[in-house]
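What the coordinates show
Listed here are the chains, written in short residue letters.
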Amino acid sequence: MVEDLAHTSTSLSFKNEESALEFKFKGNNCFSNGDNSNALRFYTQALRVAPRDVDVMGKNLVAILYVNRAAVLQKMCLFLESLRDCSRALSICTSYSKAWYRRGKANSSLGNYDDAVRDLNVSLCMEHSLSGKQQIEGELKLILGQNIREDFPPNVNKCKESSVTDQLQGIRLQCVKTEMKGRGMVSLTDIPQATLLHAEEPYAAIISKNCRESHCHFCFSELPADIVPCPSCSMALYCSQLCQIHSGGKDQQFHTKNHGTGFDLSGDLENYVASVIKEIEGVNIKKFAEHKHECGVNWPAALPAEIVLAGRVIVKFIEQNRHSGKTSTIVNLDLCHNYLQLDPESRLELHISSIVLLKCLHYFYGSDIPLNGNTISQCVMLLSQINVNSMAIVLVRSADLVGPPSSAGNHTASTVEQVRAGQAIYLAGSLYNHSCQPNIHTYFLSRTLYIRAIDFVAAGDPLELSYGPQVGQWSCDKRQLSLKEQYAFVCSCTGCSQLNFSDLVINSFRCLNQTCSGVVLDSSVTNYEQEKINPFPCRLPQQVPLELDDVKRVARFLGEETGSNRSIKPGFCLSCGNFCNLEASNAVVKKTEIWIGRLQSLLDSGECLATTLSNALRALDSLKSALHPYNKKVAEAEDYLAQAFCLIGDLQRSRDHCQASIKILEKLYGDDHIVIGNEMVKLASIQLSLGEEHAVEESRSRINSIFSRHYGSHVDAMFPHVRFLKRDI
């Protein structure tokens, strides 16, 4: 099995000339029939599997495919993408007349008229056929007959890295060790809210399996229409030639067949051709080529992402040692691990994974990775460290829900989604401890990790970021179970050890007394909430901060002493003591979830049927009769209805349901949480469509405040597609 994973002879991702020509033929047919979308898809598939050393009718097959795809992109008005594909073809064959011709048309469409004229003149010098020359001359006449204006700045293929700068404020941080959480970071000075504390590139990173077809395998941004495949395998995809070279290394870069064109060009055109080729090839690679050892073998696709990430850590360590002349050994990161807390079955799994990974790497690196007990033990520790310390690279994606046409145009509701695009190890970032009630916020621009304070942090206080399931996202019982399964860790942060409003209401039922606002909890929740009040075996009452009005309102009994114990009983209202039949309430919830689930499915497919919508409205009423008004399921149902009404063009009802959802989320998360900012984006776009200018300005101001708190000056880079934010952010 390991040999099948590691040998190139059994690879499922090798290039195949026959498949490439078949996809090319399908693309040609679609292009001839005006089916540009499928033509683009087939040409891209052909590029993924086309060998880079195959010629067809005297031209390189990959160069031909890039030019063909450039023609499709031009038809689809994707002019910059078309220009880039032409440049890629020229990086393979400088004297490709049609590539220069297509490049000229793309530059003309972009308004780069001087470059367009030069491109076409180069093409004219290289074209052999009379009909081809006439076509080029006709294009030149069209351009020269227009009012030539100044060129835009030259278009260069660049890695999608943010140009936004946000200066680190010189905050002095210190790594300390505590009995409960081990190592962690604290500040030696007070930290104002929204201060940028840390920025870091990953030691190693890997794309998530669910994003392999949609995101760049290097920078993790969404793939454009002009996808760049790895030249040596069909698995890795990139957003640009630069990302492909960074990931695969210089030896995986195409080289032009000849820097001299072999044609009699004027001095001006010779210099122009040289500048274009220099622009294409002038890439200074400083980063470690992380895909090189994975190219053309099966194990990176077959093994779990964290195992592949461990492989990248090991290989980077080996390459660094080679560069410095040291003897290579398996790396052991100076990070905590959870090996001792794992059960025997999980430990066995780590050992098996380590053996398989090292065997696969051994085929590539040979004696640099000796297969013995010592290296296996170190790899086991590395995997255990990755399990605890790796971070999910979560990127923000903005999209519009488009409703039916109206006299004012299409109705849209802008949504902000989070995509778990990758997984990475950040050596310094891993030193920050976690909490279910964090005071610092992590976010990513491409692969770069940023950490920002979201609250004022006093000197000496721990700096803690979110595990993922924060208070307000999951109930305490689900958070504790998830953290125990994933990290073998029992969380004792303030959110898990003290009563809070969110944990009481998030999954609670409502009291049968309609005038009572108290919560009714089931047994799975009461056990955890009881521990917050009486955490000691002797059941001595803990001082619980019940001065919060919201907690008093929904759980009045918890503020009253009853002997030495305060009790939370499942099924009983914590404000008035009424008993609720949880079995009957759960039955109501299950019935309503069927219709809410159907509505969600239709929204995911872009459809919305009136019958399903009316049934979902009745389901919401039933849900409200059984669940507490601040139960998160009610908020989710309100949100689905808001999206549905937007899709059918009923913007007023869409706005009302959106506001109802936000009201609940504010209770669960607090007014300034990033979740509220994301939901306010949706509300503001609906208000904008309704023409409610005053409401839009209020929403915009609030979005600005929340997003600036979490992202600082990176807001524009994080949300480039949210139209109505541009005026303020």
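- Within an unreviewed UniProt entry, the label attached to the chain reads SET domain-containing protein, and the organism entered is Mikania micrantha.

1. So, the overall build of the chain
- Per the secondary structure count, the chain includes 26 helices and 16 strands.
- Out of the 729 residues in the chain, the part that is buried amounts to 53%.
- Excluding contacts between residues fewer than 6 apart, the proportion of contacts in the chain whose partners are at least 24 apart in sequence is 68%.
- Of the roughly 32700 Å² of accessible surface on the chain, a fraction of 51% belongs to carbon and sulfur atoms.

2. Some details on the side chain of Ser187
- Following the sequence through the fold, Ser187 ends up in strand β4 (residues 182–187).
- Of note is the side chain of Ser187, whose polar atom sits 2.5 Å from the backbone oxygen of Thr189.
- Sequence-distant contacts of Ser187, that is, excluding residues within four places in its chain, are made with Ile171, Arg172, Leu173, Ala459, Gly460, Asp461 and Leu463.

3. Section: the packing of helix α3 (residues 36–49) against helix α4 (residues 61–75)
- One can describe the packing of α3 onto α4 by two numbers: an axis separation of 9 Å at closest approach and a directional angle of 160 degrees. The orientation of α3 with respect to α4, classified from their angle, is roughly antiparallel. In terms of crossing hand, the pair formed by α3 and α4 is left-handed. Mapping the contact onto sequence places Asn36, Ala39, Leu40, Tyr43, Thr44, Ala46 and Leu47 in α3 and Val62, Leu65, Tyr66, Asn68, Arg69, Val72, Leu73 and Lys75 in α4.
- Considered class by class, the residues forming the contact of α3 with α4 number ten nonpolar, three polar and two charged.

4. What to know about the pattern of salt bridges
- In this structure the tally under the stated criterion is 25 salt bridges.
- Ionic pairing is found between Arg84 and Asp226, a salt bridge with its closest N-O pair at 2.8 Å. On the criterion of sequence distance, the pair formed by Arg84 in helix α5 (residues 79–92) and Asp226 in the loop between β6 (204–207) and β7 (228–229) is long-range, its members being 142 residues apart. The burial state of Arg84 is the same as that of Asp226; both residues are buried.
- One salt-bridge network, in which partners are shared between bridges, spans Arg69, Arg84, Asp85, Arg88 and Asp226.

5. Quick look at helix α2 (residues 17–32)
- Over its 16 residues, α2 runs 22 Å from end to end, which matches the ideal 22 Å to within 8%, given 1.5 Å per residue.
- Those residues of α2 that sit buried are Ala20, Phe23, Lys24, Gly27 and Cys30. All buried residues of α2 lie within an arc of 125 degrees about the axis, which places them on one face of the element. Among the exposed residues of α2, those pointing more than 90 degrees away from its buried face are Glu18, Phe25 and Ser32.
- Turning to α2, the residues buried within the fold contact α3 and α4.

6. Details of the sheet that holds strand β13 (residues 448–453)
- Read across the open sheet, the three strands follow the order β5-β13-β12; overall the sheet is antiparallel. Each having just a single partner strand, β5 (196–200) and β12 (440–445) make up the two edges of the open sheet. Averaged over neighbouring strand pairs, the angle between their axes works out to 20 degrees when direction is ignored.
- The sheet contact formed by β12 and β13 spans six bridges and is antiparallel. Among the inter-strand pairings, His441 is bridged to a residue of β13, identified as Arg452.
- Packing of helix α25 (residues 693–711) onto the sheet brings it into contact with β12 and β13, and relative to β13 it is tilted by some 115 degrees.

7. Here's the deal with the state of the cysteines
- Taken as a whole and assessed by the stated rule, the structure comprises zero disulfides.
- Here Cys511 stays unpaired: no disulfide links it, and the sulfur of Cys576, its closest cysteine neighbor, is 3.4 Å away.
- On the basis of relative accessibility, which here comes to 1%, the residue Cys511 falls in the buried class.

8. Things to note about the nonpolar core
- Counting residues in hydrophobic clusters, the biggest one holds 72 residues, and the most contacted among them are Leu504, Val505, Leu558, Leu599, Phe707, Tyr711 and Phe719.
- The biggest single contributor to this core is helix α22 (residues 632–647), with ten residues.
- For Leu504, the contacting residues outside a window of four places in its chain are Leu499, Val519, Leu521, Glu529, Val551, Val554, Ala555 and Leu558.
- Judged by nonpolar contacts, the second largest core, of 51 residues, contains Leu40, Tyr96, Met126 and Cys239.

9. Here we look at the packing of aromatic side chains
- Considering all chains together, one arrives at nine aromatic pairs under this definition.
- When the centroid spacing of 6.0 Å and the interplanar angle of 80 degrees are considered together, the rings of Phe707 and Tyr711 count as edge-to-face. Here Phe707 and its partner Tyr711 are both found in helix α25, four residues apart, which amounts to about one turn of the helix. Both residues of the pair, Phe707 and Tyr711, count as buried.
- Through successive ring pairs, a cluster of aromatic residues spans Tyr443, Tyr450, Phe707 and Tyr711.
- We note Arg347 situated over the ring of Tyr339; from NZ or CZ to the ring centre the distance is 4.8 Å.

10. As for the packing of helix α12 (residues 305–324) against helix α14 (residues 373–389)
- Contact geometry for α12 and α14: axes closest at 10 Å, N-to-C directions at 120 degrees. In terms of their interaxial angle, α12 and α14 are classed as oblique. The two elements α12 and α14 meet at a crossing, and its hand is right-handed. Contacts between α12 and α14 involve Glu306, Ile307, Leu309, Ala310, Val313 and Ile314 on the former and, on the latter, Cys379, Leu382, Leu383, Ile386 and Asn387.
- Here the contact of α12 with α14 is composed, by residue class, of nine nonpolar, one polar and one charged.

11. What about the environment of Leu683?
- Structurally, Leu683 can be placed in helix α24 (residues 674–690).
- Along the sequence, Leu683 and Arg655 sit 28 residues apart, while their C-alpha atoms lie 6.4 Å from each other.
- When neighbours within four sequence positions are excluded, Leu683 is seen to be in contact with Arg655, Cys658, Gln659, Ile662 and Ser699.

Criteria and thresholds
Residues numbered from 1 in each chain as written. Predicted model: local features only at pLDDT ≥ 70, side-chain atom pairs only at ≥ 80, totals over all residues. Heavy atoms only, no water. Helix = DSSP H or I, 4+ residues; strand = E, 2+ residues; numbered from the N terminus. Buried < 20%, exposed > 50% of the residue type's maximum accessible area, 1.4 Å probe, protein only. Contact = heavy atoms within 4.5 Å. Areas by Shrake-Rupley, 256 points an atom, 1.4 Å probe, with all protein chains shown as cover. Polar contact = N/O pair within 3.5 Å; in protein donor to acceptor, adjacent residues only side chain to side chain. Axes fitted to C-alpha atoms, helices over the stretch in contact; angles between N-to-C directions. Parallel < 35°, antiparallel > 145°, perpendicular 65-115°, else oblique. Left-handed = near helix turned anticlockwise from the far one by under 90°. Nonpolar A, V, L, I, M, F, W, Y, C, P; charged D, E, K, R; others polar. Salt bridge = Lys/Arg side-chain N within 4 Å of Asp/Glu carboxyl O. Expected span 1.5 Å × (residues − 1). Arc of directions from axis to C-beta. Pairing = 2+ DSSP bridges. Disulfide = S-S within 2.5 Å. Core = buried A, V, L, I, M, F, W, Y, C linked by side-chain atoms within 4.5 Å. Phe/Tyr/Trp six-rings, centres within 6.5 Å; stacked < 30°, edge-to-face > 60°. Lys NZ or Arg CZ within 6 Å of the ring centre and 35° of its normal.

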